[in-house]
Amino acid sequence: EDPAPYHEEVSDPRRRDFINIAAVAWIGVGGAAVVLPLINQMNPSADVLAQATTEIDLSKIAVGQAIKTSFRKQPLFVRNLTPAEIAAADAVPLSELRDPQSLAERTKEGKKNWLITMGVCTHLGCVPLGAGEGENRGPFGGYFCPCHGSAYDTAARIRKGPAPTNLHVPDYTFSSDTTVTVG
Ligand code: FES
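I will try to describe carefully the structure that is included in this document. The structure displayed is predicted, hence computed values, not measured ones.

1. Some remarks on the side chain of Arg157
Here's step 1: Along the chain, Arg157 falls in the loop between strand E6 (151–153) and strand E7 (158–160).
Here's step 2: You can call Arg157 buried: its relative accessible area is 1%.
Here's step 3: Those residues in contact with Arg157, other than ones at most four positions away along the chain, are Ala89, Val92, Leu94, Leu97, Gln101, Ser102, Leu103, Arg106, Ala151, Tyr152 and Asn166.

If you want it as structure tokens, here you go:
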């Protein structure tokens, strides 16, 4: 007289496993369909990356301040030099420099106060300090690499320590008085 258990079929362990596996597989396929294009968007190909530009709003960087941002997935430093820092850079004879370049050569369009360099130490690639609030700018007042002690001056030229060359200056143009496009 017992009524047949209504869940008999589903409680069959093989059938239940099949339902579970089918559900997981369906979610997996659906999930991949949604997630893969997103992952692709987040990982542009090398070609796309090589063409990427970065726009920087200079109005947000006070005189004497530097910011750390990024360009083609690498750290980028943008610094608004004070008149004293410009004078300090200009006062160094090129013959004293390991990688001789004047501040005028390292900046563009006669705007010597805007120093834009990659934030990658030319020794072994650490990110130097000096672009963040209160960070150690080292003995030459520019940037200081904490990895092995390379010190850069206010034109981001190497002055002391193992780094062989100045911080790299990427291509950039001023698209307005307050905007620069890097790349
Ligand atoms: Fe900067 Fe070595 S990586 S001093």
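2. Considering the pairing of strand E5 (residues 141–144)
Here's step 1: As paired elements, E5 and E6 share three bridges and run antiparallel to each other. Paired with Gly141 across the strands is Asp153, a residue of E6.
Here's step 2: Between E5 and E6, which pair antiparallel one after the other, the connecting turn spans six residues, and Gly149 there sits at a positive phi close to 85°.

3. Observations regarding the nonpolar core
Considering soluble globular proteins, one finds that nonpolar side chains tend to be buried as a cluster.
Here's step 1: Membership of the largest hydrophobic core comes to 17 residues, with the highest contact counts inside it found for Leu103, Tyr143, Tyr152 and Leu167.
Here's step 2: Counting 14 residues, the second largest nonpolar core, distinct from the first, contains Ile61, Trp114, Ile116 and Val180.

4. Examining the pattern of salt bridges
Here's step 1: Here the structure, examined in full by the defined rule, presents six salt bridges.
Here's step 2: The salt bridge involving Glu85 is made with Arg79; its shortest N-O contact spans 3.1 Å. Arg79 carries the same exposure label as Glu85, and that label is buried.
Here's step 3: Glu85 is the salt-bridge partner of Arg137, the closest N and O atoms lying 3.6 Å from each other. Highlighted residues: Arg137 in the loop between strand E4 (114–118) and E5 and Glu85 in helix H3 (residues 83–90), separated in sequence by 52 residues. For the pair formed by Arg137 and Glu85, the shared burial category is buried.
Here's step 4: Salt bridges linked by common partners bring Arg79, Glu85 and Arg137 together as one network.

5. Considerations on the side chain of Thr181
Here's step 1: Structurally, Thr181 is set in strand E9 (residues 179–182).
Here's step 2: Judged by its relative accessible area of 16%, Thr181 falls in the buried class.
Here's step 3: A polar contact of 2.9 Å, which involves the side chain of Thr181, links it to the side chain of Ser175.
Here's step 4: With sequence-adjacent residues up to four places away left out, Thr181 is seen in contact with Thr53, Thr54, Glu55, Asp171, Tyr172, Thr173 and Ser175.

6. Things to note about the sheet that holds strand E2 (residues 66–71)
Here's step 1: Across the sheet, three strands lie side by side as E2-E3-E4; this open sheet has antiparallel pairing. Every other strand in the sheet has two partners, leaving E2 and E4 as the edge strands with one partner each. Strand-to-strand twist across the sheet, computed as the mean angle between neighbouring axes with direction ignored, equals 25°.
Here's step 2: Here strand E3 (residues 74–80) runs beside E4; their pairing, made up of five bridges, is antiparallel.

7. A look at unusual backbone geometry
Here's step 1: Positive phi, normally seen in glycine, also occurs at Lys73, with a value near 70°.
Here's step 2: The backbone of Ala156 sits at a positive phi, close to 60°, despite the residue not being glycine.
Here's step 3: Assignment of secondary structure puts Ala156 in the loop between E6 and E7.

Calculation notes
- Residues numbered from 1 in each chain as written.
- Predicted model: local features only at pLDDT ≥ 70, side-chain atom pairs only at ≥ 80, totals over all residues.
- Heavy atoms only, no water.
- Helix = DSSP H or I, 4+ residues; strand = E, 2+ residues; numbered from the N terminus.
- Buried < 20%, exposed > 50% of the residue type's maximum accessible area, 1.4 Å probe, protein only.
- Contact = heavy atoms within 4.5 Å.
- Pairing = 2+ DSSP bridges.
- Core = buried A, V, L, I, M, F, W, Y, C linked by side-chain atoms within 4.5 Å.
- Salt bridge = Lys/Arg side-chain N within 4 Å of Asp/Glu carboxyl O.
- Polar contact = N/O pair within 3.5 Å; in protein donor to acceptor, adjacent residues only side chain to side chain.
- Axes fitted to C-alpha atoms, helices over the stretch in contact; angles between N-to-C directions.

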